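Residues per chain, in single letters:
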Amino acid sequence: MRPIFQQIPGLAGRVPFQALGNLPTPVQNIDGLWVKRDDQTHPNVGGGKIRKLEFYLPRFKGPTIAYGPRGSNWLLALSYFAPHSRIHTFPQYMNESALLNARRFTPTRPHSDSLGFGMGMMLELPRLLGERWSLAPMGGSDPITCLGWVNAALELAQQIREGACPQPRALFIPLGSCGTAAGLAVGLALARLPITLFAVRITSSWIACRRRLLALALQCAWLLDLKDIALPRIEIIDGFCGEVYARPTPQAIGTRNRFRKAGVELDLTYSAKTAAAATSMNLRDSLFWLTYSPPSQKTDP
């Protein structure tokens, strides 16, 4: 049983859930930095998106319409576990990791520019208004999918109690659509862990922003009937994204190469930039949450 259902027994009857991932994921010390290995959530399509999918897929009986940048980790996971989804993509800078994802799935509607993407989504309105289709949230982040990351924080708390790793003072995560950070913030508060959350911005500030993060966290807390919850300290870290979303930075490439020597693969969009922040800040008792997993060549869930 997932820790969140042990912590809040009545939740299981209120929120649909489908176990997909191999949890808990291990914690490993790599060159003095503790790493939460969510690259091991699934043998074929792993990473942190599975935590969101466990609370997204069982909510809808019909097919899903989804959108995002080409090579997206979320779209790859959704296409794997919900293969009948209609997926629209818009162009982005294609680094090595994004190209690897893009080879694994073919979007229903790949668009070459923003205008074509907008028109394509407008043409999906009849399906959405007909109520047979659902629209997946951007990056998989909404108040309910955040529960997957509340569970992740409770999972880490249990591993700390069992001695798998010391209690960190700083926890580094990527900040994109904000669901990971929001869920972890609520989960750390629920577990009463005084850990500072360092959210490393990897995309535009109009998407990855404190306002959206806190709104998701508060809505997620309301779902759990948590009144006046005191969220942990949250620091949004800039300076590691680079000029364009998904474009590699020298720091990210260097960090990726160092982790490769330890047998751990990082992507150049999210995890390498987050790990670069963790290693360069060099705070005592830090933990880096690895949310990426390179996809295998298997196509069946």
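Throughout, a residue's number is its position along its own chain's written sequence, starting from 1. With pLDDT at 70 or above as the cut-off, local features in this predicted model cover only qualifying residues; side-chain atom pairs require 80 or more to be listed or tallied, and sums for whole chains, interfaces and linings still use all residues. Hydrogens and waters are ignored; side-chain quantities use all the structure's heavy atoms.

This part takes up the overall build of the chain. From N to C terminus, the chain includes 11 helices and 10 strands. Along the longest, intermediate and shortest principal axes, the C-alpha atoms of the chain span 50 × 45 × 35 Å. Two residues form a contact once any of their heavy atoms are found within 4.5 Å. Restricting the contact set of the chain to residue pairs at least 6 apart, pairs at least 24 apart contribute 74%. Only the protein chains shown count as cover for residues, and the accessible areas themselves come from Shrake-Rupley with a 1.4 Å probe. Roughly 13400 Å² of accessible area belongs to the chain as shown, and the carbon and sulfur atoms make up 53% of that amount. Here the chain carries 33 positive and 20 negative side-chain charges, and the mean point of each set is 1 Å from the other. Starting at the N terminus, helices and strands are each numbered in turn, a helix being any DSSP run of H or I of at least four residues and a strand any DSSP run of E of at least two. Think of it this way: Lys and Arg go in the positive column, Asp and Glu in the negative one, and His and the chain ends go nowhere. Charge coordinates come from a single atom per side chain, which is NZ of Lys, CZ of Arg, CG of Asp or CD of Glu.

Here the expected span of a helix is defined as 1.5 Å times the quantity of residues minus one. In this model, helix α10 (residues 250-261) (12 residues) spans 17 Å end to end at C-alpha, consistent with the 16 Å of a helix rising 1.5 Å per residue. Buried residues along α10 sit against β1 (27-30), β2 (33-37), α4 (96-104), α11 (271-281) and β10 (286-290). One or two residues past the end of α10 sits Gly-263, with phi positive at roughly 80°.

What follows deals with the packing of helix α2 (residues 49-56) against helix α7 (residues 147-161). Close contact between α2 and α7 brings their axes to 7 Å; oriented N to C, the two are set at 125°. As far as their axial angle goes, α7 and α2 are oblique. The two elements α2 and α7 cross, and the hand of that crossing is right-handed. On α7, the residues touching Arg-51, Lys-52 and Phe-55 of α2 are Leu-147, Gly-148, Trp-149, Asn-151, Ala-152 and Glu-155. Looking at the contact of α2 with α7 residue by residue, the class counts come to four nonpolar, two polar and three charged. Axes here mean lines fitted to C-alpha atoms, for a helix over just the part in contact, with angles spanning 0 to 180 degrees between N-to-C directions. Roughly parallel refers to an angle under 35 degrees, roughly antiparallel to one over 145, roughly perpendicular to one between 65 and 115, and oblique to any angle outside these ranges. Working rule for handedness: look at the near helix, and if it is turned counterclockwise from the far one by less than a right angle, call the crossing left-handed; if clockwise, right-handed. Each residue is assigned to one class: nonpolar for Ala, Val, Leu, Ile, Met, Phe, Trp, Tyr, Cys and Pro, charged for Asp, Glu, Lys and Arg, and polar for all the others, Gly among them.

A cis amide bond, omega 5°, links Leu-23 with the succeeding residue Pro-24. Within the secondary structure, Pro-24 is located in the loop between α1 (3-7) and β1. Positioned with a positive phi, Asp-225 is a non-glycine residue whose angle comes to about 60°. Turning to its location among the elements, Asp-225 is positioned in the loop between α9 (210-223) and β9 (234-237).

Before going further, it helps to spend a moment on the sheet that holds β9. Strand pairing requires that DSSP identify at least two bridges connecting the strands. One open sheet accounts for six strands, arranged β1-β2-β10-β7-β8-β9; its pairing is mixed. Edge positions in the sheet fall to β1 and β9, since each has one partner strand and no second. Pairwise comparison of adjacent strand axes, ignoring direction, gives a mean angle of 30° for this sheet. The pairing of β1 with β2 spans four bridges and is classified as antiparallel. By the bridge assignment for β2, Asn-29 is matched with Trp-34.

Attention now moves to the sheet that holds strand β3 (residues 64-69). Spatial strand order, β5-β4-β3-β6: four strands in an open sheet with parallel pairing. If you trace the sheet from one side to the other, it starts and ends with β5 (109-110) and β6 (134-135), each paired once. The sheet contact formed by strand β4 (residues 86-90) and β5 spans two bridges and is parallel. Bridge assignment links Thr-89 to a residue of β5, and that residue is Pro-110. Against the sheet, helix α5 (residues 114-122) contacts β3, β4 and β6, and its axis sits at roughly 160° relative to β4.

A separate point is the packing of helix α8 (residues 179-191) against α9. At a minimum axis distance of 8 Å, the contact between α8 and α9 shows a crossing angle of 50°. In this view, α8 runs oblique relative to α9, as classed from their interaxial angle. The hand of the α8/α9 crossing is right-handed. Contact residues: α8 offers Gly-179, Ala-181, Ala-182 and Val-186, while α9 offers Leu-213, Leu-216, Ala-217, Cys-220 and Ala-221. When the residues that make up the contact of α8 with α9 are grouped by side-chain class, the tally is eight nonpolar, one polar and no charged.

It is worth spelling out the pattern of salt bridges at this point. Throughout this description, the term salt bridge denotes a Lys or Arg side-chain nitrogen within 4 Å of a carboxyl oxygen of Asp or Glu. Throughout the structure, instances matching the rule amount to 15 salt bridges. For Glu-124, the salt bridge identified is with Arg-86, shortest N-O distance 2.9 Å. Of this pair, Glu-124 sits in the loop between α5 and α6 (125-129) while Arg-86 sits in strand β4, placing them 38 residues apart in sequence. Taken individually, Glu-124 and Arg-86 each receive the classification buried, so the pair is uniform in this respect. Arg-169 is the partner of Asp-285 in a salt bridge, and the nearest nitrogen-oxygen pair spans 3.5 Å. Taken together, the residues span a long stretch of sequence, with Asp-285 in the loop between α11 and β10 and Arg-169 in the loop between α7 and β7 (170-175) at a distance of 116 residues. Accessibility here uses a 1.4 Å probe with only protein chains present; expressed as a share of the type maximum, an area under 20% marks a residue as buried, one over 50% as exposed, and anything in between as partly exposed. Classification of Asp-285 by relative accessible area gives partly exposed; the value is 33%. Among the residues examined, Arg-169 registers a relative accessible area of 49% and is labelled partly exposed.

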